[in-house]
Each structure stands twice: as structure tokens, then as C-alpha cells.
Amino acid sequence: MLVPAAAQAAAPEPAAPSATATVATAAERAAAAAADPVIVVGGLSGISIAYEPIAARLRADGYRVSIFQLPNLGLGDIRESARALSSYVDRVRAATGAARVDLVGHSEGGLVSRWYVKYLGGAGTVDQYVSLGSPQYGTYVANLVAVLGLGSCAGVIACQQMTIGSSFLADLNAGDDTPGPVRWATVRTWQDELVRPVDNAVLADGATNILVQAWCPLRVVGHLGLVLDGTTYTAVRQVLAGAPVQPNCFAV
């Protein structure tokens, strides 16, 4: 949701980090350069610069990366943001010559990306989907705004759509959580202050659901931290590379 501010896959047993888990090898960088372009999809109130840390890590590892800032900073209808993402994906594909792209969506960006894949033809243009702290099944934090006397999310449409039980989420979660040939993954953290309950950030139907603390129990990662944290990044990079997920608990 704010920047600065279901069924669950069984968590695998933690394993020791590999020696190459932090720094990509030359072979890995070459593979990344030949891989799908990666689009980092921002969240509610997330300006592009907030996503430069994860974009810079990806570029350093050889990926072709761009950042999609949500129209009107994501305050409006998530479905409209998804239509804008669809146009952006087309531009990236035209500029790079790539048939498909990979999407890494933070918070609301994960919902925007899912709507695009499920309802706007993205199943044919997206290879891999990774969400970071996205309220796939809503968050009590959005519901809490009304409890505090600020009305229905203080009039913010996207916030209303992220409330648990919203009609938007009912449509998004109808049927298969993971449609098409897209490879689906989610990353979440116990310390997420904006997605509560935390397990509402997972997807069913065969998605790879990664809980940072299942691997690294002492790692403290907040909502914004998911785009800053080194351990989280190692998991994202492994997913994009099609490698086994073994987050490096000591990555910075």
C-alpha cells in the first residue's frame, strides 16, 4: 500500500546460503541480460525514485529494468492503473523486442499487475510475476480507516478496493489465482505494518509463496523494506532466474 508507510503454500525448510547468493556471477549476469525485461510496478503513493534501490540491484545483475509509477500515484481505480500498465508493457516490448516481460509489483502494484494478467491480456505478455507485500486478499489496515472516522478510506478509491471483502477483490480473486502460463510468486514479511493479516499477501493455485522469516527468522523487514532489503532481493533474483529459492539471510 503506502510507500513509507487464502491458501498458503507450505514454507520450505531454511537452507544455508550459497556462496554466490549475494553477488551475481558473470554467467548469471549474461543470462539476466538475455532474459525478459523486468518492470518494477510501484504501489500506492509510490514515486518512481522509491523503487530505484531494487531497480539498481537488478541492473547491476544484468537485467533490463524500468519502473512503472502508477497513474495519479495509484490513488484511483486499480483497474484504470492496470490499463495504463498494459500500454506501458506494450511500449517496453516494442522498445526491447521482447515477447514477454517479468513484473515485480510492490504492494498495490501487485494487484495492478494481477488485474492486467487476468483481465487485460497480460497472460500472453507476462512470463514471471512477483509480488512484494501485496494485499492479494485485502488488508484490515484499509478497513481501519473507516473505523477511525475517516469515512470509506477517506475517499481514496484504491484504498476502498483493498479493503477486505471489497467487490474489486471479489472479482480479482474469482476462480484461479494464477491463470495462464505465467509463473507466479509472492514475497511477504511478518513485520509488514500495512498488510494485515500478513498471510493475505499469498496466492493459491500453485504460486510460490515466500515468507522471509521462514528462511531468516531474525530478519526484520517492513512494508517498504521489501524493496530495500538484501535478503528479499536475493529471493526475487532467484525467482526471476528460475533458480531454487534459498534467500541469503546475510545479504545487505
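Notes on the structure in this doc start here. Please read these numbers as outputs of a predicted model, since none were measured by experiment.

Another point: the environment of Thr189. If you trace the backbone, Thr189 turns up in the loop between β5 (183-188) and β6 (208-211). Residue Thr189 is classed as buried on the basis of its relative accessible area, which comes to 0%. A sequence separation of 57 residues divides Thr189 from Leu132, and the C-alpha atoms of the two residues are 8.9 Å apart. Contacts of Thr189, omitting those with residues within four sequence positions, involve Val198, Leu211, Gln213, Val221, Gly222 and Leu226. From its side chain, Thr189 meets the backbone oxygen of Val221 in a polar contact 2.7 Å long.

Working definition: two side chains of opposite charge can pair if their charged atoms are close together. On inspection of all chains with the given rule, the structure shows nine salt bridges. As a salt-bridge pair, Glu52 and Arg59 come within 3.0 Å of each other at their nearest N and O atoms. The class for Arg59 is partly exposed, based on a relative accessible area of 36%. For Asp127, the salt bridge goes to Arg183, with nearest N and O atoms at 2.8 Å. Separated by 56 residues along the polypeptide, Asp127 in strand β4 (residues 126-132) and Arg183 in strand β5 bring together distant segments of the chain.

The subject of this paragraph is helix α2 (residues 52-60). The set of residues buried in α2 consists of Ile54, Ala55 and Leu58. Here the buried residues of α2 occupy an arc of 100° about the axis, which is enough to place them on one side. In this fold, the buried residues of α2 make contact with β1 (38-41), β2 (65-68), β3 (101-106), β4 and α9 (230-240). Looking one or two residues beyond α2, the residue adopting positive phi is Gly62, at roughly 100°.

Core analysis: the biggest nonpolar cluster contains 31 residues, and Ile54, Leu58, Val104, Val130, Leu132 and Leu240 have the highest contact counts within it. Those elements that provide at least two residues to this core are β1, α2, β2, β4, β5, β6, α8 (212-215) and α9. A total of five residues in this core trace back to one element, the largest contributor, which is α9. In contact with Val130, other than residues within four places in its own chain, are Leu103, Val104, Gly105, Ala185, Val187, Val236, Val239 and Leu240.

This part is about the packing of α2 against α9. Between α2 and α9, the shortest axis-to-axis distance is 11 Å and the interhelical angle comes to 50°. When the axis of α2 is compared with that of α9, the two are oblique. By crossing handedness, the relation of α2 to α9 is classed as right-handed. Counting all contacts with α2, which are made through Ile54, Arg57 and Leu58, the residues of α9 involved are Gly230, Tyr233 and Leu240. Looking at the contact of α2 with α9 residue by residue, the classes come out as four nonpolar, one polar and one charged.

Sheet architecture is open: six strands sit in the order β2-β1-β3-β4-β5-β6, paired in parallel fashion. For this open sheet the edge positions go to β2 and β6, each flanked by a neighbour on one side alone. Across the sheet, the mean angle from the axis of one strand to that of its neighbour is 15°, orientation sign disregarded. As defined by bridge partners, β4 adjoins β5 across five bridges and the pair is classed as parallel. Paired with Ser131 across the two strands is Thr186, which belongs to β5.

Of the two faces of β1, the one holding Val38 and Val40 and the one holding Ile39 and Val41 are both buried throughout. With four bridges joining them, β1 and β2 adopt parallel strand pairing. Bridge assignment links Val40 to a residue of β2, and that residue is Ile67. Handedness of the β-α-β unit built from β1, α2 and β2 comes out right-handed. With four bridges connecting them, β1 and β3 associate as parallel partners. In the strand pairing of β3, Val40 is matched with Val104.

Cut-off values and rules
- Residues numbered from 1 in each chain as written.
- Predicted model: local features only at pLDDT ≥ 70, side-chain atom pairs only at ≥ 80, totals over all residues.
- Heavy atoms only, no water.
- Helix = DSSP H or I, 4+ residues; strand = E, 2+ residues; numbered from the N terminus.
- Buried < 20%, exposed > 50% of the residue type's maximum accessible area, 1.4 Å probe, protein only.
- Contact = heavy atoms within 4.5 Å.
- Polar contact = N/O pair within 3.5 Å; in protein donor to acceptor, adjacent residues only side chain to side chain.
- Salt bridge = Lys/Arg side-chain N within 4 Å of Asp/Glu carboxyl O.
- Arc of directions from axis to C-beta.
- Core = buried A, V, L, I, M, F, W, Y, C linked by side-chain atoms within 4.5 Å.
- Axes fitted to C-alpha atoms, helices over the stretch in contact; angles between N-to-C directions.
- Parallel < 35°, antiparallel > 145°, perpendicular 65-115°, else oblique.
- Left-handed = near helix turned anticlockwise from the far one by under 90°.
- Nonpolar A, V, L, I, M, F, W, Y, C, P; charged D, E, K, R; others polar.
- Pairing = 2+ DSSP bridges.
- Right-handed = clockwise from strand over helix to strand, strands pointing away.

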